[in-house]
Amino acid sequence: MILATAHDPGPHGRFGRFGGQYVAETLMPALAELEAAWRAARVDDGFGDEVAALLRDYVGRPSLLYRAARLGAAVGARVYLKREDLNHTGAHKINNCIGQALLARRMGKRRLIAETGAGQHGVATATVAALLGLPCVIYMGAEDVARQSLNVFRMKLLGATVVPVESGTRTLKDAMNEALRDWVTHVADTFYLIGSVAGPPPYPWMVRELQAVIGAEARAQLLAAEGRLPDAAVACVGGGSNAAGLFAGFVDDAAVELHGVEAAGHGVATGEHAATLGAGREGVLHGSKSYVLTHTDPARLGQIAAAHSVSAGLDYPGVGPEHAAWKESGRVRYQARTDDEALAALGQLARTEGILCALETAHALAALPSIAGELAGRGGEPLIVVCLSGRGDKDMNTVAQRLGVTL
Ligand SMILES: *Cc1c(COP(=O)(O)O)cnc(C)c1O
């Protein structure tokens, strides 16, 4: 199997006007070494076969494509769910971690590092580190360590070292700086495993290709089940990796609409949201140019602002550069759904299908009625595929709290 897909970025990792390499000089050799290794691995059958074998035997791929008939009836469409929630560890993040960890081993790097906000990427990284027998250090803002104690415990049980970062706002962006510092200092033996289609090149491109298995499977499974391509493919967007992975299967099919759904938090107008593409502006964050959320008050004008979402995985003030390019070209349409809309959609999926999804995923589901309504206006029953990016177990405390239930 070959991992390479179409749509390579341009020079310096550009996607249209976006992407590019905005990093310190000291980081350039590490990124160049990584990119060369990725370019070789992605066209190497042996490497692709190693990835495919672990995705099959360890992750449980192919993930199911399930026709959600009762949900479909409720939203007015023929709806299929791509069940990434059934993967080992309960979400799509493991697809990317398997690929990067195997690349680390191929490059002779004996140590994995990562940064994590809510802890989900930290857990996925600690999982593959244990699987391959690699020591693993996870950087996490001290604030997040306190808020996400269960995930910290999971990482430690898996054998990882969790380093609380006390600088700055003691959250994700400070953890990211710390991870970069570690990488620059220990580049000879260390691999930095980034969890979404963000960061400096080659990460946005590499992570999309490692997640493209979602779209490739969904496309083949839909053709087998329905004999045709969907009218629309829908996914939630935090950094944008599950969406990019699903979209990769359909981006060359002009008739398939692509919809990305961001988190509108308390509502975009309140300023407390994570709708980076919908309400942010162009800027540079974590080594590449994309859209970012920034402060608008004169004292902090242009500085990166905190994102807000009920779902920890969408709570990121940036977004992958390829999404910025897709927004600009119009190939993908983006909208945002609020915390309350996501909670309602989570409840609807639970009651109609017996599936408890992640709060991130619920944002994609919340957009279904409007997308289905618009498609139905053109006649016929719309066929829609949604990426069910993760399971909801991790979010049950949050959901209970929001519903006013004490557990
Ligand atoms: C992390 C996460 C997301 C958001 O990340 P993307 O890179 O945008 O895919 C979405 N859903 C789940 C279940 C997650 O864990």
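Located above this text is the structure these notes cover.
What you see is a predicted model, and the numbers here were worked out from it, not measured in a lab. (Residues numbered from 1 in each chain as written. Predicted model: local features only at pLDDT ≥ 70, side-chain atom pairs only at ≥ 80, totals over all residues. Heavy atoms only, no water.)

> Please clarify how helix α14 (residues 359-366) should be interpreted in this entry.
Since the α-helix turns once every 3.6 residues, residues separated by three or four places project in the same direction. Among the eight residues in α14, eight count as buried, and that is most of the element. Along α14, the positions that sit buried rather than exposed are Leu359, Glu360, Thr361, Ala362, His363, Ala364, Leu365 and Ala366. (Buried < 20%, exposed > 50% of the residue type's maximum accessible area, 1.4 Å probe, protein only. Helix = DSSP H or I, 4+ residues; strand = E, 2+ residues; numbered from the N terminus.)

> Hey, could you run me through the pattern of salt bridges in this one?
Note that side chains of opposite charge can pair when their charged atoms are close. Across all of its chains, the model carries 36 salt bridges by this definition. Residue Arg228 is joined to Asp231 by a salt bridge in which the shortest nitrogen-to-oxygen separation is 3.2 Å. A relative accessible area of 33% places Arg228 in the partly exposed class. A relative accessible area of 21% means that Asp231 is categorised as partly exposed. (Salt bridge = Lys/Arg side-chain N within 4 Å of Asp/Glu carboxyl O.)

> Looking at this model, I keep getting lost on the sheet that holds strand β3 (residues 65-67). Mind explaining?
Two pairing modes exist for strands in a sheet, parallel and antiparallel, and in both the strands are linked by backbone hydrogen bonds. Here we have six strands laid out as an open sheet, ordered β3-β4-β14-β9-β10-β13, and mixed in their pairing. The strands lining the two open edges of the sheet, one partner per strand, are β3 and β13 (332-338). With direction set aside, neighbouring strand axes in the sheet form an average angle of 25 degrees. Here strand β10 (residues 257-265) pairs with β13 via seven bridges, running parallel. Within β13, the residue paired with Gly260 across the bridge is Tyr334. (Pairing = 2+ DSSP bridges. Axes fitted to C-alpha atoms, helices over the stretch in contact; angles between N-to-C directions.)

> Explain the pairing of strand β14 (residues 383-388) to me, please; I cannot follow it from the model alone.
It is a general feature of regular strands that their side chains alternate between the two faces of the sheet. Among the six residues in β14, six count as buried, and that is most of the element. Taking every second residue as pointing to the same face, both faces of β14 are buried, with Leu383, Val385 and Cys387 on one and Ile384, Val386 and Leu388 on the other. Bridging between strand β9 (residues 232-236) and β14 involves three bridges; their strand directions are parallel. Note that in β14 the partner of Val234 across the bridge is Val386.

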